[in-house]
Amino acid sequence: MNPTVFSENMKKFRVAKKYTQEDVAEKLCVTAQSVSRWECGTTLPDVLLLPEIARLYGVMVDDLFKKHSVAYENYAQRLSALYEISEDPEDFLRCRLEYHKLMKAGELSLYDKWNYGWLHKAMMEFCRDEALKYFDEVLADKSDKNCMPYRRAASMKMSMLFSMGKGEEILAERQRAMDEACGNLDEREWFLLIEAYENAHQYEKALAVCAEALQKFPNNWELYTSMGDICYRMEKYDEAIPWLEKAGELGTSFCDEKYDIALCYQKLEKFKEAYRIYLEIADFHRKNGYDVEAEQALGYAKEIEDKI
């Protein structure tokens, strides 16, 4: 610890924040004489007080002992600067928490609002790159293209690329694969083509491709679920339900179709039917030991209880 740098910073930070020694003493629950002695270099504060001093001046504890440190408007802004350098998600979370404290106190400045937005934009880009990186690692392993991780990775990567404005490129690639295979695609390729049309909001084409796939794979419950999902997106809720029910008859993996059926009933304002479905889902999950999922389904039921 360099006492001289520390004492200089104590005064520099206080002046920058436009605090009097009495203001600082009150905020830290110490005497004004103690603050004066810190600034004169006569004494040093208790080490346990250093985090509170740093927070007060909008700096990190290490900044208290650095010669060229500056005081930030608040601690959240200092954490934001740290995240910009480190790109560490933990620093993002620490900064976000500090900003939430300012929000709760009603103390967000215009700069804070902009900075909070920038913070999430930077984290979004980090998350996007991480997601694509690991999806690509899954897709690089071609040992089983029909396994759940492979198919989910392909599907989610496609969805992300559409959201990034690369939809036309992806759709053209899927259509080219369809043409080259002369319609003899494996199940995975059929699903990717269907999802490409869905992501492009070309629902009529998605329905046509899904119907063609069903002729080749009539016992694939996921294709029936896709038919129901496409009808739902087209707001054809009455048409969606039979497709979803057929998927359930064939056997879905985790009540996939029941959630969608309940949503269709809600859109149709048939809340009694939706309520019944959510109770069925809760009962299924509870019998299989999924208590958290059961409670979630009961929560959905409770949300519409007063509409029955």
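What comes next concerns the included structure.

Cut-offs applied
- Residues numbered from 1 in each chain as written.
- Predicted model: local features only at pLDDT ≥ 70, side-chain atom pairs only at ≥ 80, totals over all residues.
- Heavy atoms only, no water.
- Phe/Tyr/Trp six-rings, centres within 6.5 Å; stacked < 30°, edge-to-face > 60°.
- Helix = DSSP H or I, 4+ residues; strand = E, 2+ residues; numbered from the N terminus.
- Buried < 20%, exposed > 50% of the residue type's maximum accessible area, 1.4 Å probe, protein only.
- Expected span 1.5 Å × (residues − 1).
- Arc of directions from axis to C-beta.
- Contact = heavy atoms within 4.5 Å.
- Polar contact = N/O pair within 3.5 Å; in protein donor to acceptor, adjacent residues only side chain to side chain.
- Patch = residues over 30% accessible without salt bridge, like charges linked within 9 Å, V, L, I, M, F, W, Y side chains within 5 Å.
- Areas by Shrake-Rupley, 256 points an atom, 1.4 Å probe, with all protein chains shown as cover.
- Salt bridge = Lys/Arg side-chain N within 4 Å of Asp/Glu carboxyl O.

### A word on the packing of aromatic side chains
Working step 1: Taken as a whole and judged by the stated rule, the model has 11 aromatic pairs.
Working step 2: Ring centres of F6 and F65 lie 5.2 Å apart, and the angle between their planes is 25°; this geometry places the pair in the stacked category. Taken together, the residues span a long stretch of sequence, with F6 in helix 1 (residues 3–16) and F65 in the loop between helix 4 (50–56) and helix 5 (75–86) at a distance of 59 residues.
Working step 3: Their ring planes at 55° and their centres at 5.3 Å tell us that Y111 and W114 sit as a pair that is tilted. Of this pair, Y111 and W114 both sit in helix 7 (residues 110–140), three residues apart, which is roughly one turn of that helix.
Working step 4: Judged by its relative accessible area of 44%, Y111 is partly exposed.
Working step 5: Three or more aromatic residues joined by ring pairs make a cluster, and in this case those are Y83, F92 and W118.

### A short note on helix 6 (residues 89–105)
Working step 1: With 17 residues, helix 6 ought to run about 24 Å at 1.5 Å a step, and its terminal C-alpha atoms sit 25 Å apart, in line with that.
Working step 2: D91, F92, C95, E98, Y99 and L102 are the residues of helix 6 that are buried. Each buried residue of helix 6 sits inside an arc of 130° when the element is viewed along its axis, so together they form one side. Projecting away from the buried face of helix 6 at angles above 90 degrees are the exposed residues E90, L93, L97 and K104.
Working step 3: Summarising the contacts, the buried residues of helix 6 are in contact with helix 4, helix 5 and helix 7.
Working step 4: Measuring from the backbone nitrogen of E90 back to the side-chain oxygen at the start of helix 6 gives 2.9 Å, which picks out D88 as the cap.
Working step 5: After helix 6 finishes, the residue G106 shows a positive phi value of roughly 70°.

### Considerations on the environment of D63
Working step 1: In this fold, D63 is placed in the loop between helix 4 and helix 5.
Working step 2: Linking D63 and F6, residues 57 residues apart in sequence, is a C-alpha distance of 9.0 Å.
Working step 3: Not counting residues up to four positions away in its chain, the partners in contact with D63 are N9, F13, S69 and R78.
Working step 4: Side-chain polar atoms of D63 contact the backbone nitrogen of M60, separated by 2.8 Å.

### Brief notes about the side chain of K17
Working step 1: Note on placement: K17 falls in the loop between helix 1 and helix 2 (21–28).
Working step 2: Only 2.5 Å separates the side chain of K17 from the backbone oxygen of E73, close enough to count as a polar contact.
Working step 3: Sequence-distant contacts of K17, defined by excluding residues within four places in its chain, comprise L56, Y57, A71, Y72, E73 and N74.

### Details of a nonpolar patch on the surface
Working step 1: Judged by side-chain polarity, F254, F284 and Y290 come together as a nonpolar surface patch covering roughly 250 Å² of accessible area.
Working step 2: Of note, F284 is situated in helix 15 (residues 271–287).
Working step 3: Here F284 falls in the partly exposed class, since its relative accessible area comes to 32%.

### Description of the pattern of salt bridges
Working step 1: Under the defined criterion, the tally for this structure stands at 20 salt bridges.
Working step 2: For E98, the salt bridge is made with R55, and the minimal N-O distance between the two is 2.6 Å. Of the two residues, E98 is situated in helix 6 and R55 in helix 4; the sequence distance between them amounts to 43 residues.
Working step 3: The shortest N-O distance in the salt bridge between D63 and R78 comes to 2.6 Å. You can see D63 sitting in the loop between helix 4 and helix 5 and its partner R78 sitting in helix 5, a full 15 residues away along the chain.
Working step 4: Since its relative accessible area comes to 5%, D63 is described here as buried.
Working step 5: Take R78: its relative accessible area is 13%, and that puts it in the buried class.
Working step 6: Here the salt bridges do not stand alone but share partners, grouping E173, R174, R188 and E189 into one network.

Everything listed here is a matter of coordinates, which is why it stays silent on function.
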